[in-house]
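For reference, the chains in residue letters:
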Amino acid sequence: AFEGCSSLASINIPGSVATIGDRAFYGCSSLASIDIPSSVTTIGEHAFSNCIRLTSVDMTGSSVTTIGDGAFSVCSRLTSVDMTGSSVTTIGDGAFYACSSLTSIDLPGSLTTIWKRAFAYCSSLALIDLPSSLTTIDEEAFYGCSRLVSVYCRATTPPSAEYDIFPDETLQGTLYVPIGTKADYEAVDPWRNFWTIEETDFSTGVNNALRDDGITVVANGNSIVVIGDNAGRIEVYCVNGQCVYSGTDTVIDNLAKGVYVVKVDNKTFKVLL
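I will try to describe carefully the structure that is included in this document.

Here is what the cut-offs are and how they apply
- Residues numbered from 1 in each chain as written.
- Predicted model: local features only at pLDDT ≥ 70, side-chain atom pairs only at ≥ 80, totals over all residues.
- Heavy atoms only, no water.
- Helix = DSSP H or I, 4+ residues; strand = E, 2+ residues; numbered from the N terminus.
- Rg over C-alpha atoms; globule rule 2.2 N^0.38 Å.
- Buried < 20%, exposed > 50% of the residue type's maximum accessible area, 1.4 Å probe, protein only.
- Contact = heavy atoms within 4.5 Å.
- Lys, Arg positive; Asp, Glu negative; His and termini not counted.
- Charge placed at Lys NZ, Arg CZ, Asp CG, Glu CD.
- Phe/Tyr/Trp six-rings, centres within 6.5 Å; stacked < 30°, edge-to-face > 60°.
- Pairing = 2+ DSSP bridges.
- Axes fitted to C-alpha atoms, helices over the stretch in contact; angles between N-to-C directions.
- Core = buried A, V, L, I, M, F, W, Y, C linked by side-chain atoms within 4.5 Å.
- Salt bridge = Lys/Arg side-chain N within 4 Å of Asp/Glu carboxyl O.

The number of helices and strands found in the chain is two helices and 23 strands. Computed over the C-alpha atoms, the radius of gyration of the chain is 19 Å, within 12% of the 19 Å expected from 2.2 N^0.38 for a compact globule of 273 residues. Across its three principal directions, the C-alpha atoms of the chain cover 60 × 45 × 30 Å. Buried residues in the chain amount to 48% of all 273 residues. Long-range pairs, those at least 24 residues apart, make up 44% of the contacts in the chain with a sequence separation of at least 6. Here the chain contributes 15 positive and 30 negative side-chain charges, whose respective centroids are spaced 7 Å apart.

The tally for this structure, following the rule as stated, stands at 12 aromatic pairs. On the basis of an interplanar angle of 5 degrees and a centroid distance of 5.2 Å, the ring pair of phenylalanine 72 and phenylalanine 96 is categorised as stacked. Pair noted here: phenylalanine 72 is in the loop between strand 5 (66-67) and strand 6 (80-82) and phenylalanine 96 is in the loop between strand 7 (90-91) and strand 8 (104-106), with a separation of 24 residues, a long-range link. For the pair formed by phenylalanine 72 and phenylalanine 96, the shared burial category is buried. Each ring, one from phenylalanine 166 and one from phenylalanine 194, has its centre 5.4 Å from the other, and the planes form 70 degrees; the classification is edge-to-face. With a gap of 28 residues between them, phenylalanine 166 in the loop between strand 13 (160-161) and helix 1 (168-171) and phenylalanine 194 in the loop between helix 2 (182-185) and strand 15 (196-200) connect regions that are remote in the sequence.

On to the pairing of strand 10 (residues 127-130), then. Burial along strand 10 is two-sided: Leu127 and Asp129 facing one way and Ile128 and Leu130 facing the other are all buried. In terms of strand pairing, strand 10 meets strand 12 (residues 150-153) through four bridges, oriented parallel. The residue bridging leucine 127 from the neighbouring strand is serine 150, located in strand 12.

As summarised here, the arrangement of the four strands in space is 2-4-6-8, forming an open sheet in which the pairing is parallel. Either end of the sheet is taken by a strand with one partner, and the two such strands are strand 2 (33-35) and strand 8. Neighbour-to-neighbour, the strand axes of the sheet open up by a mean angle of 5 degrees, direction not taken into account. Across three bridges, the pairing between strand 6 and strand 8 is parallel. Its bridge partner lying in strand 8, aspartate 82 is registered against aspartate 106.

A few words on the nonpolar core. Grouped together as the largest cluster of nonpolar side chains are 59 residues, with contacts concentrated most on Ile43, Phe72, Ile91, Phe96, Phe119, Leu130 and Trp191. Every element with two or more residues in this core is listed here: strand 10, strand 12 and strand 14 (174-178). In this view, isoleucine 43 contacts Ile20, Ile36, Phe48, Met59, Val64, Thr66, Ile67, Gly68, Ala71 and Phe72; residues no more than four positions away in its chain are not counted. With 17 residues, the next largest nonpolar core counts Ile224, Ile234, Cys238 and Val271 among its residues.

We now examine unusual backbone geometry. Cis geometry is adopted by the peptide bond preceding proline 190, which originates at aspartate 189 and carries an omega value of -5 degrees. Mapped onto the secondary structure, proline 190 falls in the loop between helix 2 and strand 15. The backbone of arginine 23 shows a phi angle near 60 degrees, a positive value even though the residue is not glycine. You can see arginine 23 is positioned in the loop between strand 1 (19-20) and strand 2. In the Ramachandran plot, asparagine 254 falls in the positive-phi region, its phi being about 60 degrees despite a non-glycine side chain.

Attention now goes to the pattern of salt bridges. Opposite charge on two side chains permits them to pair, given that their charged atoms come into close proximity. Taken as a whole and judged by the stated rule, the model has three salt bridges. Here glutamate 140 and arginine 117 are joined by a salt bridge, their closest N and O atoms 2.4 Å apart. Of this pair, glutamate 140 sits in the loop between strand 11 (136-137) and strand 12 while arginine 117 is found in the loop between strand 9 (113-114) and strand 10, placing the two residues 23 residues apart along the sequence. Take glutamate 140: its relative accessible area is 17%, and that puts it in the buried class. For arginine 117, a relative accessible area of 24% puts it in the partly exposed group. Close ionic contact of arginine 154 with aspartate 129 constitutes a salt bridge, the shortest N to O distance being 2.8 Å. Of the two residues, arginine 154 is situated in the loop between strand 12 and strand 13 and aspartate 129 in strand 10; the sequence distance between them amounts to 25 residues.

Here you go:
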């Protein structure tokens, strides 16, 4: 209906709408943010593809069950997607393909299937938290996500997944799995290909990856990784106040286990290694 409407800067989707159709807002190059109302159950193929100024999508508490193929592909300024509490079960082929600025994606507890290349070339994504409901991940789902170093998989049974869903950079990072499931993950592809697999108590929440205004700080093994184009001077302190690093390197290696305070410009993060 609005395909190619370059002057459309905002849209108030009526509460009576159940389906956002294929290519409905394709190429709306001025559209900056979208709140999906609770009435919507389906987002069609390429519905918001090539919305190059889109920065955030909020599906919190929506009734969306299906995100169609390429729905948000090539939204190059998209930084955050929140599906918390939504009903999404399926993320389609290439749904977020080449969303190169995406740093934050909150997936719902209803999700069962991530299809082919759904998040491929999301090159700013540092962390993904996969819900316990997830059963299937199709080929190259996270291909080209070169900064993805922390994968949290909450499923007690390893999801069925193609061997090539992650790039080599991700496999060199850390896979976090539920307590008592490490042996199961070490027994099957692609999970066993991670260099490091650690069990974690998900009931306490993910507390070693934090985000603020385009900066992501991730704990990865014995390293702290700072990701973000706006990252400037970085300082790392022990909890006793001792400075253990000061500089501009975005990967701080060979740290002892413990709690650290990370300061990036005027932002402060507390990280557990």
